[in-house]
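A closer look at the structure
So you can see what is in the structure, the chains are spelled out below.
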Amino acid sequence: MIACSSGPGGRTGRAVVLALSLTAATVPQAAAAEPATPPPRKSFREALRTLAGDGRYLLTFPARASRKGVWMTAGAVAATALAMNSDEEIRADVIESDRPAAGRMATKFEPLGRIEVEAAALGTLYLAGRAARNGRVVGPAATAFEAYLWAAVITGVTKGAFGRERPGRGSGEGRFFAGDTIFPSGHTTRSFAIAAAFSARGGRKVAAIAYPVAALVGLSTVQEDLHWASDVVAGAALGLAIGKGIAARHPAAGAGRAPSAAWGVVPRPGGAALRVMF
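Residues numbered from 1 in each chain as written. Predicted model: local features only at pLDDT ≥ 70, side-chain atom pairs only at ≥ 80, totals over all residues. Heavy atoms only, no water.

As for the overall build of the protein
- Within the protein, the secondary structure is distributed over 10 helices and 2 strands.
- Tracing the protein from N to C terminus, the helices and strands come up as α-α-α-α-α-α-α-α-α-α-β-β.
- Expressed as a percentage of the 278 residues in the protein, the buried residues total 44%.
- Looking at the protein alone, contacts between residues at least 24 apart form 75% of all its contacts between residues at least 6 apart.
- Total accessible area on the protein is roughly 13,900 Å²; 63% of this is exposed by carbon and sulfur atoms. (Helix = DSSP H or I, 4+ residues; strand = E, 2+ residues; numbered from the N terminus. Buried < 20%, exposed > 50% of the residue type's maximum accessible area, 1.4 Å probe, protein only. Contact = heavy atoms within 4.5 Å. Areas by Shrake-Rupley, 256 points an atom, 1.4 Å probe, with all protein chains shown as cover.)

And the structure:
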């Protein structure tokens, strides 16, 4: 088991480089064959107005609830509850197994979900697109960055509201309203929000990269004993909702049919696994 550590500056730097390469890979390759279009030039005030409007759209979702939305919400709650019922068993299995390969993978993917690494990767991609006057890069990067921002804000509020105990702290049972701040997983929520926003732009080929990376980021936090498995499941559901909601508000930034994504907890011997399908 590898303990959680912010690590030296070199580790974060390498994580930024890896995050940039993974993020850049989500930009459709077909765009290279088409003429680059000048990026939109909005003022800072207009950008703030858009951000606020999208926030209102996300926060007023109950007013637009559909039967499909209700069932999806119920499924997310049920999956989280199922994972929560196995949280202690999953954590014990991870700690006792101490798989070297899983530990090494966690040290590579966990930094990709850090808030500063994601901000650096998305910001650099956006600025590079602006410099190249390539709207095909600017649009997806801007949408993903907004999804990232709202995911960070919403998880910050919900973490404080639920106050769940970290693994190995307090009662050791992950009780809620105990003054801690881990539910849902911020790493997972932001990663899935970014993945959903990019996938809405690039389709299934992008989803084939973005969603597995987001899932590995979330699972790495369980491996490093930063989160309970149910924190990750709840974060994945919330991130998908935020990313898809933001992308739906900006259809010009996402040509083509957005892929559908489904996820769930699959029981396995000695624990459970998070499965993402698209």
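A word on the pattern of salt bridges
- Tallying each qualifying case throughout the model produces 10 salt bridges.
- Residues Asp225 and Arg91 are paired through a salt bridge, measuring 2.8 Å at the closest nitrogen-oxygen approach. Highlighted residues: Asp225 in the loop between α9 (204-223) and α10 (229-249) and Arg91 in helix α4 (residues 87-97), separated in sequence by 134 residues.
- Judged by relative accessible area, which is 23%, Arg91 ranks as partly exposed.
- The residue Glu173 makes a salt bridge to Arg175 at a minimum N-O spacing of 3.3 Å.
- Through salt bridges that share partners, Asp87, Arg164 and Asp231 make up one connected network. (Salt bridge = Lys/Arg side-chain N within 4 Å of Asp/Glu carboxyl O.)

Points about helix α7 (residues 135-162)
- Taking 1.5 Å per residue as the helical rise, α7 with its 28 residues ought to reach 40 Å, and the 40 Å between its terminal C-alpha atoms agrees with that figure.
- Its side-chain oxygen at 3.0 Å from the backbone nitrogen of Arg136, Asn134 defines the N-terminal cap of α7.
- Within two residues after α7, Gly163 carries a phi angle of roughly 55°, on the positive side. (Expected span 1.5 Å × (residues − 1). Polar contact = N/O pair within 3.5 Å; in protein donor to acceptor, adjacent residues only side chain to side chain.)

Looking at the confidence of the model for the protein
- Across the protein, the average pLDDT comes to 78, with 74% of residues at 70 or higher.
- Here residues 253-265 is a poorly scored stretch, pLDDT under 50, and it has 45 contacts once near neighbours within four places are set aside; other chains count. (pLDDT = per-residue confidence, 0-100.)

Some words on the packing of helix α2 (residues 44-59) against α10
- Packing of α2 against α10 leaves a shortest axis separation of 10 Å and a crossing angle of 125°. It follows that α2 is oblique to α10 by the angle criterion. Both α2 and α10 take part in a crossing whose hand is right-handed. Side by side, α2 and α10 meet where Gly53, Asp54, Tyr57 and Leu58 of the first sit next to Ala241, Ile242, Gly245, Ile246 and Arg249 of the second.
- A breakdown of the residues in the contact of α2 with α10 according to their chemical character gives 5 nonpolar, 2 polar and 2 charged. (Axes fitted to C-alpha atoms, helices over the stretch in contact; angles between N-to-C directions. Parallel < 35°, antiparallel > 145°, perpendicular 65-115°, else oblique. Left-handed = near helix turned anticlockwise from the far one by under 90°. Nonpolar A, V, L, I, M, F, W, Y, C, P; charged D, E, K, R; others polar.)

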